[in-house]
Amino acid sequence: MSQTQILLEVGTNELELVEFYIDEADGYRGYYGINVSKVVEISRSQPITAMPQMPHPSVLGAFPFRDGRIVPLIDISKFLNKGGVASDDPRIIITEFNKTHTAFLVSGVTRIHRISWKQVEAPTPLLLEISAGSITAVVRLEGRVVFVLDAEAIVAAMNPALSVKMDENAGQIVMDRKFHIIHADDSVSIRKLVAELLKKEGRFEVTQANDGEEAWKMLQEYKKEAEEKNIPVTDLVQGIISDIEMPNLDGLTLCRYIKEDHVLKDIPVAMFSSLISNSLAHKCQSVGADGQFAKPDLQGISDKMYELITGKPAPKATGENSAEAGS
């Protein structure tokens, strides 16, 4: 199964989910899902080679993939403390996100579901705690509950270098003004990190939304305020950073709504998502996004947002306060 065969039409607020299952030793079958946009290939199991200094017991080893890439294989059942995949004919789901390839061993794959993001529910705090943050959403399909895997969190647990971060040496930049941006992301941890780091850097004031729908409602309020005050809406909001995968309203649909609105269309929109890759960047362009960045490149999107808003190169901090200012 190749990625080019399973791409959705852009901006329809729909999600395609690969449903898979894990059979446990006691006979229980748990159902899980992963966004099709992250899936490169689904294959049968194959010989693997043990890796030196395995970072986690769930990492079984690695195998060669396309173009000479060596892809690590993670047993999802072991990662979830389920004891390991129990199947005579398991499947390997090979993914690409955060500019890296990772493979997940599962008991089997059922089918691909096309659903609305409106059907996607946020996990409860108890579920987040039980799953150690490895479940990002819940979907009810055909009478069963499907847990949507937070593949990024799992990979970041294996390799902290792939987690979202900013240049640790970046200092604060003294600005004549700070630019107000809306940041939409359904991940509590990502929202907190983005807000803290961008505030520390000193370029932006950040208003955050839990998903695309909440961001859209915020923009409607700013649009109404701008009309009442007879000022450009860009006096109130100078930029938008949005994740792609979000319940209720996804980032691509949010961007399309913004760019089709005659009042809001001039606000720069940057997509900030683990889904961004060379093969998927055209989706962002097709809905009018002004920039797209793969997590974990937080420094890159900070610089780009400054450039999109001001039309000037982003000033660089050296670890000490800089006198450079924006306008």
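One numbering rule holds for all chains: residues counted from 1, following each sequence as written. The model is predicted, so local features are restricted to residues of pLDDT at least 70 and side-chain atom pairs to those at 80 or more, both for listing and for counting; the totals for chains, interfaces and linings are taken over all residues. Excluding hydrogens and water, the side-chain figures rest on all heavy atoms present in the structure.

Q: Whenever I open this one, the environment of V138 confuses me. Can you help?
A: Helix numbers and strand numbers start at the N terminus; a helix is a DSSP run of H or I with at least 4 residues, a strand a run of E with at least 2. Relative to the elements of secondary structure, V138 occurs in strand β9 (residues 135–141). Considered as a pair, V138 and V120 are 18 residues apart in the sequence and their alpha carbons are 6.0 Å apart. The contact criterion used is simple: two residues touch if any of their non-hydrogen atoms lie within 4.5 Å. Not counting chain neighbours up to four residues away, the residues in contact with V138 comprise Q119, V120, E121, P123, L127, V145, V146 and F147.

Q: Mind showing me how you'd approach the pattern of salt bridges here?
A: Side chains that carry opposite charge are capable of pairing whenever their charged atoms lie near each other. Any carboxyl oxygen of Asp or Glu that lies within 4 Å of a side-chain nitrogen of Lys or Arg is treated as forming a salt bridge with it. In the structure shown here, the tally under the stated rule is 18 salt bridges. A salt bridge links E19 to R144, with the shortest nitrogen-to-oxygen separation between them at 2.6 Å. Linking E19 in strand β1 (residues 14–23) with R144 in strand β10 (residues 144–149), this pair joins segments that are 125 residues apart in sequence. Using a 1.4 Å probe on the protein chains alone, a residue whose accessible area is under 20% of its type maximum counts as buried, one over 50% counts as exposed, and one in between counts as partly exposed. Classification of E19 as buried rests on a relative accessible area of 0%.

Q: Quick question: what am I supposed to make of the pairing of strand β6 (residues 91–97) here?
A: Where burial is concerned, most of β6 is hidden: six out of the seven residues are buried. By this definition, two strands are paired if DSSP reports at least two bridges between them. Judged from the five bridges that link them, strand β3 (residues 39–44) and β6 form a sheet pairing that is antiparallel. Its bridge partner being in β6, E41 is matched across the sheet by I94. Of the strand pairs in this sheet, β6 and strand β7 (residues 100–106) are connected by seven bridges, and their pairing is antiparallel. Note that in β7 the partner of I92 across the bridge is L105. Joining the antiparallel neighbours β6 and β7 is a turn of two residues, in which N98 adopts a positive phi near 50 degrees.

Q: Looking at this structure, how should I read the nonpolar core?
A: One recurring pattern in soluble globular proteins: nonpolar side chains tend to sit buried together. Put simply, buried Ala, Val, Leu, Ile, Met, Phe, Trp, Tyr and Cys residues joined by side-chain atoms within 4.5 Å make one nonpolar core. In this structure, I182, L219, I258 and M271 are the most contacted members of the largest nonpolar core, which totals 28 residues. Counting only elements with at least two residues in this core, the list comes to β11 (179–184), α5 (212–229), α6 (251–260) and β14 (269–273). Looking at this core element by element, the count peaks at six residues for α5. Once residues within four sequence positions are removed from consideration, I258 is found in contact with W216, L219, I240, L264, K265 and V269.

Q: Explain the pairing of strand β13 (residues 239–242) here, please?
A: Burial along β13 is two-sided: G239 and I241 facing one way and I240 and S242 facing the other are all buried. Sheet topology places β11 next to β13; four bridges connect them, and they run parallel. Residue pairing across strands places I182 opposite I240, the latter belonging to β13. Direction of pairing for β13 relative to β14: parallel, over a ladder of three bridges. Following the sheet pairing, S242 is matched in β14 by M271.

Q: Quick question: what am I supposed to make of the environment of V233 here?
A: Along the chain, the position of V233 falls in the loop between α5 and β13. Residues V233 and D266 lie 33 residues apart in sequence; the distance between their C-alpha atoms is 8.9 Å. Residue contacts for V233: discarding those within four places in its chain leaves Y222, K223, A226, V263, L264 and I267.

Q: Is there a simple way to explain the sheet that holds β1 in this structure?
A: Strand pairing within a sheet occurs via backbone hydrogen bonds; the two strands may be parallel or antiparallel. Read across the sheet, five strands follow the order β8-β1-β2-β10-β9 without closing on themselves; strand pairing throughout is mixed. The sheet terminates laterally at β8 (108–116) and β9, the two strands that pair on one side only. Strand-to-strand twist in this sheet, taken as the mean axis angle between neighbours without regard to direction, amounts to 35 degrees. Summarising the sheet, β9 and β10 pair through six bridges and their orientation is antiparallel. Think of each axis as a best-fit line through the C-alpha atoms, taken over the contacting stretch in the case of a helix, with angles from 0 to 180 degrees between the N-to-C directions.

Q: How should I be thinking about the sheet that holds strand β5 (residues 70–75) in this particular structure?
A: Across the sheet, five strands lie side by side as β3-β6-β7-β5-β4; this open sheet has mixed pairing. Each edge of the open sheet carries a strand with a single partner, namely β3 and β4 (59–64). Strand-to-strand, the axes of this sheet are offset by a mean angle of 25 degrees, without reference to chain direction. Across the sheet, helix α3 (residues 151–158) lies against β4, β5, β6 and β7, angled at about 105 degrees from β7, the strand it touches most.

Q: Is there a simple way to think about α6 in this case?
A: Side chains that are three or four residues apart share a direction in an α-helix, a result of its 3.6 residues per turn. Looking only at α6, the buried set comprises G251, L252, T253, L254, C255 and I258. Against α5, β13, β14 and α7 (281–286) lie the buried residues of α6. Its side-chain oxygen at 2.9 Å from the backbone nitrogen of L252, D250 defines the N-terminal cap of α6. Within 3.5 Å is the distance limit for a polar contact, defined as a pair of N or O atoms, with the added protein rule that one can donate a hydrogen and the other accept it, and that residues adjacent in sequence qualify only through two side-chain atoms.

Q: I would appreciate a short explanation of the state of the cysteines in the present structure.
A: Each disulfide is one covalent bond, formed between the sulfur atoms of two cysteines. Throughout, disulfides are identified as pairs of cysteine sulfur atoms within 2.5 Å of each other. Evaluation of the coordinates by the stated rule reveals zero disulfides. Between C284, a free cysteine, and C255, which holds the nearest cysteine sulfur, the sulfur-to-sulfur gap is 7.6 Å.

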